[in-house]
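Structural overview
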Amino acid sequence: MADEPNDLLQGTLELLVLKALSLGAMHGWGIGQRIDLLSNDVFKVHQGSLYPALQRMLRKGWVKAEWRMSENNRRARYYLLTRLGERQLAAETSSWQRASGAINEILRVQLAPGGA
């Protein structure tokens with residue numbers, strides 16, 4: 001059970017998509033595969049969540065899309081990170097590191113022997 005892929009934590013999908021696109025333009029299916037690979041298959045990105053997230057990110061101006069030929073010689077919609085998206089990635093990364101650091105600190109707390 002511990003080796004089963006997990007759903008993404010709420011609010012992390014857009015951060016992970018921004019990070020995946022910071023590595024290069026990619027079509028939707030490839031973005032999901034890239035996140036799965038980068039997480040060592042810990043997270044599984046569902047296409048039903050990914051495409052609505054991409055649409056939100058297009059509306060916010062964090063990504064742009066263009067049609068290209070895929071590695072399979074098929075026409076596919078590729079997504080690219082914009083300058084605004086790069087700034088959003090930096091802000092969300094900073095926020096995530098601050099929050100996860102605080103959670104790690106809380107998890108390290110132990111009671112002294114005999115303490116309550």
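To start, this report covers the structure provided alongside it. Owing to the predicted nature of the structure, the values given are computational and were not obtained by experimental measurement.

**Considering the overall build of the protein**
In terms of regular secondary structure, the protein is built from four helices and three strands. Mapped in sequence order, the helices and strands of the protein form the string α-β-α-α-β-β-α. In the protein, which comprises 116 residues, the proportion classed as buried is 31%. Relative to all contacts within the protein whose residues are 6 or more apart in sequence, the contacts with residues 24 or more apart total 50%. For the protein, the computed accessible surface area is about 8,200 Å², with 54% contributed by carbon and sulfur atoms.

**Considering the environment of Leu50**
If you trace the backbone, Leu50 turns up in helix α3 (residues 47-60). For Leu50, a relative accessible area of 0% translates into the label buried. Along the sequence, Leu50 and Leu13 sit 37 residues apart, while their C-alpha atoms lie 7.7 Å from each other.

**Focus: the nonpolar core**
Ranked by size, the top nonpolar core spans 19 residues in total, and within it Val17, Leu21 and Ile31 carry the most contacts. At the level of secondary structure, the elements contributing two or more residues to this core comprise α1 (13-22), α2 (28-38), α3 and β3 (75-81).

**Side note on the packing of α1 against α3**
The interhelical angle for the contact between α1 and α3, taken along N-to-C directions, is 75°, at an axis separation of 10 Å. Between α1 and α3, the crossing angle belongs to the class labelled roughly perpendicular. Along its contact with α1, which presents Leu13, Glu14, Val17 and Leu18, the element α3 presents Ser49, Leu50, Ala53, Leu54, Arg56, Met57 and Lys60. Residues belonging to the contact of α1 with α3 are distributed by class as follows: seven nonpolar, one polar and three charged.

Scoring rules and cut-offs
- Residues numbered from 1 in each chain as written.
- Predicted model: local features only at pLDDT ≥ 70, side-chain atom pairs only at ≥ 80, totals over all residues.
- Heavy atoms only, no water.
- Helix = DSSP H or I, 4+ residues; strand = E, 2+ residues; numbered from the N terminus.
- Buried < 20%, exposed > 50% of the residue type's maximum accessible area, 1.4 Å probe, protein only.
- Contact = heavy atoms within 4.5 Å.
- Areas by Shrake-Rupley, 256 points an atom, 1.4 Å probe, with all protein chains shown as cover.
- Core = buried A, V, L, I, M, F, W, Y, C linked by side-chain atoms within 4.5 Å.
- Axes fitted to C-alpha atoms, helices over the stretch in contact; angles between N-to-C directions.
- Parallel < 35°, antiparallel > 145°, perpendicular 65-115°, else oblique.
- Nonpolar A, V, L, I, M, F, W, Y, C, P; charged D, E, K, R; others polar.

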